[in-house]
Amino acid sequence: MSVYPSGVKVVEVGPRDGLQNEPVPIPTEVKIGFVRKLAAAGLREIEVTSFVRPDRVPQLADAEAVLAGLADLPGTRLSALVPNERGLARALRSGVRRIAVFTAASESFTERNIGMPVEASLESFRRVTQEAAAAGMSVRGYVSTAFYCPYEGPIPPAQVLRVAAALLQMGVDEVSLGDTLGVAVPTEVDRLLETLRGELPVERLALHFHDTSGTALANVLAGLQAGVTVFDSSAGGLGGCPFAPGAAGNLATEDLVYLMERMGIETGVSLEKLAEASLFIEDHLGHGLSGKLLQRLRASGWTPAPATEVAATNRTKPACADSSS
Ligand code: MG
């Protein structure tokens, strides 16, 4: 029997985690169009924006307007990042049904990124999660620096376990473990998941890899073999790496979906429509996206078929998405 699952869930984080690192302001209408295209590609879970302070992340200052523009979108669960109780109040007014909270496994990173110790961030999110649950929202949790911290170096798995367990205990339904620096390798994924699996339900764990060192897909494979079936990624690799300007950041959704598709693992995502969404947002960025499959498509001269030709039988297909493979 295969060690691999029959399907995985892809959590698309491009509109939030990707766009927040893009310097050129993207118009609200473009963000809404991007999310609609991602949903049309079959992505069933999309983190669309963030309720952080608008002066800290001006790119996502239009969170309310983006969500309002997507209120009629059926079949896709939209979520928004919430940093604190003030962010939650905005999220509640916006009508979003799912939020994400974030802390880190490293004390130094949490101090510098959130301005408080890990324990205090958990205490704050305990209140946020309770209030959100009381309002009928579901809550996802991120653990940054689950492998390496830019200030502390390697993070012991026991430290990740402590934070992930606290998040699940407060009512978070899925914990996404992030390789924030993009430097982890599969043996480290094995070691972390070995520690977590005995203590936490593996179906509640997600992995959030960055391709900064080219190891993201190898790490996904290690995660799959350890029983993880939820992976975060960003369309086209949108976002870059905040710690290494110019380097790749988030794993590209196309690269993840391609690997799954070729391995016979279902994602429900159409590579062709996904590439359309990525090329659409790329037009507004002022630079090319880093995703490898997207670059291969571009090099092959592939362009999305015009909408009027969608029903045509001889529609141009991307070389990689041939359904016969
Ligand atoms: Mg990321």
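Read on for a plain summary of the structure. (Residues numbered from 1 in each chain as written. Predicted model: local features only at pLDDT ≥ 70, side-chain atom pairs only at ≥ 80, totals over all residues. Heavy atoms only, no water.)

Of the regular secondary structure elements, the chain holds 12 helices and 10 strands. For 325 residues, the compact-globule estimate of 2.2 N^0.38 gives 20 Å, and the chain sits close to it at 19 Å. Projecting the C-alpha coordinates of the chain onto the three principal axes gives extents of approximately 55 × 45 × 35 Å. Scored against the burial criterion, the 325 residues of the chain give a buried share of 54%. Sequence-distant contacts, at least 24 apart, represent 75% of the contacts inside the chain between residues at least 6 apart. If you sum the accessible surface of the chain, you get close to 13500 Å²; carbon and sulfur atoms cover 53% of it. Computed over 29 positive and 37 negative side-chain charges, the separation of the two mean positions in the chain equals 3 Å. (Helix = DSSP H or I, 4+ residues; strand = E, 2+ residues; numbered from the N terminus. Rg over C-alpha atoms; globule rule 2.2 N^0.38 Å. Buried < 20%, exposed > 50% of the residue type's maximum accessible area, 1.4 Å probe, protein only. Contact = heavy atoms within 4.5 Å. Areas by Shrake-Rupley, 256 points an atom, 1.4 Å probe, with all protein chains shown as cover. Lys, Arg positive; Asp, Glu negative; His and termini not counted. Charge placed at Lys NZ, Arg CZ, Asp CG, Glu CD.)

The terminal C-alpha atoms of helix H6 (residues 118-134), which comprises 17 residues, lie 24 Å apart, in line with the 24 Å expected from a rise of 1.5 Å per residue. Buried within H6 we find Val118, Ser121, Leu122, Ser124, Phe125, Val128, Thr129 and Ala132. Along H6, the residues classed as buried sweep out an arc of 165° about the axis, all on the same side. Facing away from the buried side of H6, by more than 90 degrees, are the exposed residues Gln130 and Ala134. Considering only its buried residues, H6 is in contact with helix H4 (85-94), strand S4 (98-104), helix H5 (107-113), strand S5 (138-144) and helix H7 (157-169). Following H6 by one or two positions, Gly136 adopts a phi angle in the positive range, close to 85°. (Expected span 1.5 Å × (residues − 1). Arc of directions from axis to C-beta.)

With distances of 2.0 to 2.2 Å, the protein atoms coordinating the magnesium ion are Asp17 (OD), His208 (NE2), His210 (NE2) and Asn250 (OD1). Coordination of the magnesium ion draws on donor residues from a single chain, spaced D-x190-H-x1-H-x39-N in sequence. Of this pair, Asp17 sits in helix H1 (residues 14-18) while His210 sits in the loop between strand S9 (205-208) and helix H9 (216-225); the two residues are 193 residues apart in sequence, bridging distant segments of the chain. When its relative accessible area of 9% is taken as the criterion, Asp17 is described as buried. (Donors = N, O, S within 2.8 Å, 3.2 Å for Na, K, Ca; no water.)

Under the defined criterion, the tally for this structure stands at 3 aromatic pairs. Ring centres of Phe109 and Tyr151 lie 6.5 Å apart, and the angle between their planes is 35°; on these two criteria the pair is classed as tilted. On the criterion of sequence distance, the pair formed by Phe109 in helix H5 and Tyr151 in the loop between strand S6 (148-149) and strand S7 (153-154) is long-range, its members being 42 residues apart. Assessed through its relative accessible area of 38%, Tyr151 is described here as partly exposed. (Phe/Tyr/Trp six-rings, centres within 6.5 Å; stacked < 30°, edge-to-face > 60°.)

Moving on, we come to the side chain of Gln59. With respect to the helices and strands, the residue Gln59 is situated in the loop between strand S2 (45-50) and helix H3 (63-68). Polar contacts involving the side chain of Gln59 include one to the main-chain carbonyl oxygen of Val24, which spans 2.9 Å. From its side chain, Gln59 meets the backbone nitrogen of Ile26 in a polar contact 2.9 Å long. Excluding residues within four positions of it along the chain, Gln59 makes contact with Leu19, Gln20, Glu22, Val24, Pro25, Ile26 and Lys31. (Polar contact = N/O pair within 3.5 Å; in protein donor to acceptor, adjacent residues only side chain to side chain.)

It is worth spelling out the environment of Leu181 at this point. Within the element layout of this structure, Leu181 appears in the loop between strand S8 (174-178) and helix H8 (186-197). Look at Leu181 and you get buried, because its relative accessible area is 18%. C-alpha separation for the pair Leu181 and Asn250, spaced 69 residues apart in sequence, amounts to 10.0 Å. Excluding residues within four positions of it along the chain, Leu181 makes contact with Tyr148, Cys149, Pro150, Thr212 and Phe243.

One finds Ile99, Leu167, Val175, Leu177, Leu274 and Ile281 to be the most contacted residues of the largest nonpolar core, which totals 93 residues. Take this core: its biggest share by element is 7 residues, from H7. Val11, Val13, Leu81 and Tyr142 belong to the second-largest nonpolar core, a separate cluster that totals 8 residues. (Core = buried A, V, L, I, M, F, W, Y, C linked by side-chain atoms within 4.5 Å.)

This part covers the environment of Thr145. Its location among the elements puts Thr145 in the loop between S5 and S6. Given the relative accessible area of 0%, Thr145 is considered buried. Non-local contacts of Thr145, meaning those with residues more than four positions away in its chain, are made with Ala104, Ala105, Ser106, Phe109, Pro150, Ile155, Gly178 and Thr180.

This brings us to the pattern of salt bridges. Counted under the stated rule, the structure contains 18 salt bridges. Of the charged contacts, one joins Asp55 and Arg53 as a salt bridge, the two residues approaching to 2.8 Å between their closest N and O atoms. Overlapping salt bridges bring together Lys9, Glu45, Arg77, Arg98, Arg140, Asp173, Glu174 and Asp232 as one network. (Salt bridge = Lys/Arg side-chain N within 4 Å of Asp/Glu carboxyl O.)

To continue, consider H7. With 13 residues, H7 extends 18 Å between its outermost C-alpha atoms, agreeing within 8% with the 18 Å of an ideal straight helix rising 1.5 Å per residue. Burial in H7 covers these residues: Pro157, Val160, Leu161, Val163, Ala164, Ala166, Leu167 and Leu168. Where H7 is buried, its residues meet S4, H6, S5, S8 and H8. Looking one or two places after H7, you find Gly171, whose phi comes out positive at around 110°.

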